[in-house]
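Fold and contact review
Listed here are the chains, written in short residue letters.
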Protein chains: 2
Amino acid sequence: MSGWVAVAGLGPGAGALVTPEVTEALAEATDLVGYAPYVARVADRADLVRHASDNRVELDRAAHALELAAAGRRVVVASSGDPGVFAMASALFEALEAGPRAWRAIDVRVLPGITAMLAAAARAGAPLGHDFCAINLSDNLKPWALIERRLRLAAQADFAMAFYNPRSKARPDGFARVLDLLREECGGDRLILFARAVSTAEEQLRVVTLAEAAPEMADMRTMVIVGSSRTRFIEGAPRPILYTPRWAE
Amino acid sequence: MSGWVAVAGLGPGAGALVTPEVTEALAEATDLVGYAPYVARVADRADLVRHASDNRVELDRAAHALELAAAGRRVVVASSGDPGVFAMASALFEALEAGPRAWRAIDVRVLPGITAMLAAAARAGAPLGHDFCAINLSDNLKPWALIERRLRLAAQADFAMAFYNPRSKARPDGFARVLDLLREECGGDRLILFARAVSTAEEQLRVVTLAEAAPEMADMRTMVIVGSSRTRFIEGAPRPILYTPRWAE
């Protein structure tokens, strides 16, 4: 079997943040599988077959990629950011485990990429410079009670926190509840970064306190980072600088 | 002032994991500052001045980079992995904040890179595919009591956990205590990944249970990832596959 699957991270948007490893896999691929907006980020090539699909069909898409590879095709599954962080890699392995035993012989690679929280952190300074956690705020795949429990424990651990999928039309109230909970656990002075569409032409950064934060500051393209109790804001620089010192007491 | 500082992430080791953005900054730089092994990873160029320094002098190195930029030089500070994750970006901003007010006008950029935990996760499947945290186990810059508290809360939150700097000669017992604590909080069946020197010729991956884990499985070049309660191992594949499903109950 000469087929393979490479689950590839395209990074947050800019071409300059796509690794050479991913560029090479795309050049060798016969098939490109992914959520339509990610497939659209890959330049056209006459002999590349494109399979763009809808959101929320991750398992079908993963199984399709594995079927193609089992038939000898060289398949890139396009993922935004890093495929291993709230993206396609887990879905791929879920489909692999549930599928025919023969699929386990397929050459499957995950090609890492620049994930949204690290791109956002870099643009804003170094808010994740000390211990931190990453939480997906979408309650599509887990109950709200678990999100709430994790947020409280993460605040008590004094982690900086990076939130993926803070807000969507399907969950208009969820993020307001998150902000309320964080104000309760961390106090109103805690710093919070809203980083929208980082590395694209629509990039917008905003640093406020939890007291000032409003749900409307985030949308589906926004990465949210809440500082730890030690996170600092540097005044007087041309761009906002937020950083968490390396040390703690 | 035409000088600048770019704190650049060189990724875990392989050239194919260095972003074009970082490659371009290196091509434009007049000066390269960093811990000697990272400076050594950058190809020589006749007009690039190299300033290699020892470990544990991060603040001096950061101040030196800012001084050079204030004098009009174009300075890359070389960082392994991603500069914002337990690396040089926080030290740079710490030095910036403590230094002369004029430094705040310097053009400082952080160029993200592939951080060790995401490179290791990609090689092993998708162990960080659900909520997770990243903890630096070095107690150089924080007390052991804080590390222990964070580990317990992270285990109670059922995060997958990525550990940087699990073990050093200066702390021979620390990692053994971490493993004991994790066995107590998570039980002996929990999966743990030891990923050494990922993306280099010395790469080694090993997946065991916490009951089987021994401190000697990690050294200074090892990234350790502990799964959540839901992390699964796929049998029968040519390489070990560890993944955490996207959903939770």
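Keep in mind that this is a model prediction, so the values were computed, not measured. (Residues numbered from 1 in each chain as written. Chains lettered and ligands numbered in written order. Predicted model: local features only at pLDDT ≥ 70, side-chain atom pairs only at ≥ 80, totals over all residues. Heavy atoms only, no water.)

**Description of the side chain of Glu97(B)**
Relative to the elements of secondary structure, Glu97(B) occurs in helix 4 (residues 88-98). Side chain to side chain, Glu97(B) and Tyr243(A) meet in a polar contact 2.6 Å long. Beyond its immediate stretch of four places on either side in the chain, Glu97(B) contacts Arg232(A), Phe233(A), Ile234(A), Tyr243(A) and Arg104(B). (Helix = DSSP H or I, 4+ residues; strand = E, 2+ residues; numbered from the N terminus. Polar contact = N/O pair within 3.5 Å; in protein donor to acceptor, adjacent residues only side chain to side chain. Contact = heavy atoms within 4.5 Å.)

**Regarding the UniProt feature "domain: Tetrapyrrole methylase" (unreviewed entry) in chain A**
What UniProt calls "domain: Tetrapyrrole methylase" (unreviewed entry) maps, in this numbering, to residues 5-213 of chain A. Annotated as residues 5-213 of chain A, this span is 34% helix and 24% strand, and its ends, taken at the C-alpha atoms, are 42 Å apart. (UniProt positions renumbered as here; feature names shortened; annotations may be inferred.)

**Remarks on the environment of Ala120(A)**
Residue and element names in this part refer to chain A. Looking at the element boundaries, Ala120 is found in helix 5 (residues 116-124). Ala120 sits 96 residues away from Glu216 along the chain, and the two C-alpha atoms are 18 Å apart. In this view, Ala120 contacts Leu193, Ala195, Val198, Met223 and Ile225; residues no more than four positions away in its chain are not counted.

**Brief notes about helix 5 of chain A**
All names here are of chain A. Burial analysis of helix 5 places seven of its nine residues in the buried class, the great majority of the element. Listed in full, the buried residues belonging to helix 5 are Met117, Leu118, Ala119, Ala120, Ala121, Ala122 and Ala124. Directly beyond the C-terminal end of helix 5, a positive phi value near 120° is found at Gly125. (Buried < 20%, exposed > 50% of the residue type's maximum accessible area, 1.4 Å probe, protein only.)

**A few points about the nonpolar core**
Phe163(A) and Phe163(B) are the most contacted members of the largest nonpolar core, which totals 56 residues. Apart from residues lying up to four places away in sequence, Phe163(A) is in contact with Ile135(A), Leu137(A), Leu151(A), Val178(A), Leu182(A), Met223(A), Val224(A) and Val226(A). (Core = buried A, V, L, I, M, F, W, Y, C linked by side-chain atoms within 4.5 Å.)

**Comments concerning the pattern of salt bridges**
All names here are of chain A. For the structure on display, the rule yields 30 salt bridges over all chains. Measuring nitrogen to oxygen at the nearest pair gives 2.9 Å for the salt bridge that ties Asp47 to Arg45. A relative accessible area of 25% means that Arg45 is categorised as partly exposed. (Salt bridge = Lys/Arg side-chain N within 4 Å of Asp/Glu carboxyl O.)

**Some points on the relation of the copies chain B and chain A**
Superposition record for chain B on chain A: RMSD 0.0 Å, screw rotation 180°, translation along axis 0.0 Å. Here the copies are linked by what is in effect a two-fold axis. Considering only C-alpha atoms, the residue of chain B closest to the rotation axis is Cys133(B), which sits at 1.9 Å. Looking at the interface residues of chain B, 100% of them are also at the interface in chain A, so both copies use one shared face. (Least-squares fit on C-alpha atoms with pLDDT ≥ 70 in both.)

**Digging into the pairing of strand 7 (residues 132-136) of chain B**
By the criterion of burial, strand 7 of chain B is predominantly enclosed, with five of the five residues buried. One ladder, built from three bridges, connects strand 7 (residues 132-136) of chain A with strand 7 of chain B; its direction is antiparallel. Looking at the pairing, Ala134(A) lines up with Phe132(B) of strand 7 of chain B. Between strand 7 of chain B and its parallel partner strand 8 (residues 160-164) of chain B, the chain crosses via helix 6 (residues 144-156) of chain B, and the hand of that crossover is right-handed. (Pairing = 2+ DSSP bridges. Right-handed = clockwise from strand over helix to strand, strands pointing away.)

**Some remarks on the side chain of Ser79(A)**
Structurally, the position occupied by Ser79(A) is in strand 4 (residues 74-79). Those residues within four positions of Ser79(A) in sequence are excluded, and the remaining contacts are Ala8(A), Gly9(A), Leu10(A), Tyr38(A), Ala87(A) and Met88(A).

**Comments concerning the packing of helix 6 of chain B against helix 7 (residues 174-186) of chain B**
All names here are of chain B. Put simply, helix 6 and helix 7 touch, their axes get as near as 10 Å, and they point 30° apart. By the angle between their axes, helix 6 is roughly parallel relative to helix 7. Regarding helix 6 and helix 7, the two cross each other, and that crossing is right-handed. For the pair helix 6 and helix 7, contact is made by Trp144, Glu148, Leu151, Arg152, Ala155 and Gln156 and by Gly174, Arg177, Val178, Leu181, Glu184, Glu185 and Cys186, respectively. Looking at side-chain class alone, the contact of helix 6 with helix 7 contains six nonpolar, two polar and five charged residues. (Axes fitted to C-alpha atoms, helices over the stretch in contact; angles between N-to-C directions. Parallel < 35°, antiparallel > 145°, perpendicular 65-115°, else oblique. Left-handed = near helix turned anticlockwise from the far one by under 90°. Nonpolar A, V, L, I, M, F, W, Y, C, P; charged D, E, K, R; others polar.)

**As for the sheet that holds strand 9 (residues 191-196) of chain B**
The 10 strands are arranged 10(A)-9(A)-11(A)-8(A)-7(A)-7(B)-8(B)-11(B)-9(B)-10(B) in an open sheet whose pairing can be described as mixed. The open sheet has two edge strands, strand 10 (204-209) of chain A together with strand 10 (204-209) of chain B, and neither has a second partner. With direction set aside, neighbouring strand axes in the sheet form an average angle of 15°. Where strand 9 of chain B and strand 11 (residues 222-226) of chain B come together, five bridges link them in antiparallel fashion. When the sheet's bridge partners are listed, Arg196(B) is paired in strand 11 of chain B with Thr222(B). Set on the sheet, helix 5 of chain A makes contact with strand 7, strand 8 (160-164), strand 9 (191-196), strand 10 and strand 11 (222-226) of chain A together with strand 7 of chain B; between it and strand 11 of chain A the angle comes to about 70°. Against the sheet, helix 7 of chain B touches strand 8, strand 9 and strand 11 of chain B, its axis set at about 175° to strand 8 of chain B.

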